[in-house]
Amino acid sequence: MRGSRAVRRWWTDLTDLVLPAECGGCGRERAVLCPGCRAALSGVPPRRVRPDPEPPGLPVVHASAPYADEVRAALLAHKERGVLALAAPLGAALAEAVRAGLREVRAAVRDASADAEAGDESAVPAWGPVLLVPVPSARGAVRRRGHDPARRIALAAAAELRRTGTSARVLSVLRQRYAVADQSGLDATQRVDNLAGALAVAPGGGGLLDGGAVVLVDDLMTTGASLSEAARAVRAAEGAAAESRAGPGTYGRARSAVYPAAAGEGREERKTRPRMVGRYGGGDVIREAICAAVVAASPNSFEINRN
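Residues numbered from 1 in each chain as written. Predicted model: local features only at pLDDT ≥ 70, side-chain atom pairs only at ≥ 80, totals over all residues. Heavy atoms only, no water.

Overview of the overall build of the chain
In step 1: Tallying secondary structure elements over the chain gives eleven helices and eight strands in all.
In step 2: Considering only contacts within the chain whose residues lie at least 6 apart along the sequence, 72% involve residues at least 24 apart.
In step 3: Approximately 15,100 Å² of the chain is accessible, and the part contributed by carbon and sulfur atoms is 52%. (Helix = DSSP H or I, 4+ residues; strand = E, 2+ residues; numbered from the N terminus. Contact = heavy atoms within 4.5 Å. Areas by Shrake-Rupley, 256 points an atom, 1.4 Å probe, with all protein chains shown as cover.)

See below:
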């Protein structure tokens, strides 16, 4: 009997190495994520989310689930406890949010195209592959955790998009220019100030961003400060790349004409559809169509409906 119990304990320990010991969301079932927790994560279509206050320059953001209960537990298990098997279901949820964001941006571009009449798809620009640009974690956090959670989930999301027929790849081109203070104790305004200018696109990355539809991705949005700063860095890199091709000042003149002052832009001006500044415009205007997607967002950002 003692030998049998020892074998059972040994077998249990061995299976825990290759199979999940508990559900990453509720902790009850031996599964990566049980059906109930999968439903909490991906059971409803992703929705557009907006923090309040909304930071300047925040692109349109879609999220798959509110950051609460089982979803919160799963994200923390992946991020802080290194339950890497959760990357697959979290990536699948992120892929759905990416699709939702792209549908909205592409519809806006089609509507804005003066030449797109009566379903004339030839007037709609070719989008190329989906380019997922993860918001980078601080270097110290990556060392402490042993992995970069947002990048890992982005890779899983890209694989899910490709599996379902959408060309997609991850471009990890954003870098932290300098160390910033821990965000956990800061309010929304302080987070924006803390991150201002902290991110930049790596040398040569601006040209890579021109190869498809850019979607900024992260595991979580709370105040939107990280996504806002990431969007600023991408816009700056795309503008620099455009100027190198078209001549000095071209991007600046076009930007001021269609996107005059992100910091002073009121909510009413952004209600109807995504603001587009970039390469998909008409005439000589250089425009962009950046959107963002996250696995989860603060519950309040789902409740505030300003669409």
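Resuming the write-up.
Focus on the environment of alanine 159
In step 1: When you line up the elements, alanine 159 lands in helix α6 (residues 149-163).
In step 2: Distance from alanine 159 to alanine 95, taken between C-alpha atoms, is 8.9 Å for residues 64 residues apart in sequence.

Overview of the pairing of strand β2 (residues 60-66)
In step 1: Burial analysis of β2 places six of its seven residues in the buried class, the great majority of the element.
In step 2: By the bridge criterion, three bridges tie strand β1 (residues 47-49) to β2 in an arrangement that is antiparallel. Looking across to β2, one finds that arginine 47 is bridged to alanine 63.
In step 3: With six bridges connecting them, β2 and strand β8 (residues 291-297) associate as parallel partners. Looking across to β8, one finds that histidine 62 is bridged to alanine 293. (Buried < 20%, exposed > 50% of the residue type's maximum accessible area, 1.4 Å probe, protein only. Pairing = 2+ DSSP bridges.)

Considering the nonpolar core
Soluble globular proteins: nonpolar side chains tend toward being buried together.
In step 1: By size, the foremost hydrophobic cluster in this structure holds 40 residues, and its most contacted members are Val98, Leu132 and Val215.
In step 2: Those elements that place two or more of their residues in this core are α2 (35-42), α3 (69-80), α4 (87-112), β3 (130-134), α6, β4 (168-170), β7 (213-221) and β8.
In step 3: It is α4 that contributes the most residues to this core, nine residues altogether.
In step 4: Those residues in contact with valine 98 that sit more than four places away from it in its chain are Val130, Leu132, Leu161, Val215, Val217 and Ala293. (Core = buried A, V, L, I, M, F, W, Y, C linked by side-chain atoms within 4.5 Å.)

Description of the confidence of the model for the chain
In step 1: With 71% of its residues at a pLDDT of 70 or more, the chain has an overall mean of 78.
In step 2: Between the elements of the chain, mean pLDDT differs from a low of 39, seen in helix α10 (residues 250-258), to a high of 97, seen in β8.
In step 3: In this model, residues 11-18 is a region of pLDDT below 50 whose contacts with residues beyond four sequence positions or in other chains number four contacts. (pLDDT = per-residue confidence, 0-100.)

Examining the packing of α3 against α6
In step 1: Look at α3 against α6: their axes get within 9 Å of each other, and the N-to-C directions meet at 110°. In terms of axis orientation, α3 runs roughly perpendicular to α6. Between α3 and α6 lies a crossing of right-handed hand. In this structure, α3 contributes Leu75, His78 and Lys79 to the contact, and α6 contributes Pro149, Arg152 and Ile153. (Axes fitted to C-alpha atoms, helices over the stretch in contact; angles between N-to-C directions. Parallel < 35°, antiparallel > 145°, perpendicular 65-115°, else oblique. Left-handed = near helix turned anticlockwise from the far one by under 90°.)

Examining α3
In step 1: The terminal C-alpha atoms of α3, which comprises twelve residues, lie 16 Å apart, in line with the 16 Å expected from a rise of 1.5 Å per residue.
In step 2: Of the residues one or two after α3, glycine 82 is the one with positive phi, at around 70°. (Expected span 1.5 Å × (residues − 1).)

Digging into the pattern of salt bridges
In step 1: A full pass over the atoms with the stated rule returns eight salt bridges.
In step 2: Note that glutamate 104 is salt-bridged to arginine 48, the shortest N-O span being 3.0 Å. With glutamate 104 in helix α4 and arginine 48 in strand β1, this pair connects stretches of sequence that are 56 residues apart.
In step 3: According to the relative accessible area criterion, glutamate 104 is partly exposed, its value standing at 22%.
In step 4: We note a salt bridge from glutamate 96 to arginine 99, for which the minimum N-O separation is 2.4 Å. Pair noted here: glutamate 96 and arginine 99 are both in helix α4, with a separation of three residues, about one helical turn.
In step 5: Assessed through its relative accessible area of 34%, glutamate 96 is described here as partly exposed.
In step 6: Each of Glu80, Arg144 and Arg145 takes part in salt bridges that share partners, so that together they form one network. (Salt bridge = Lys/Arg side-chain N within 4 Å of Asp/Glu carboxyl O.)

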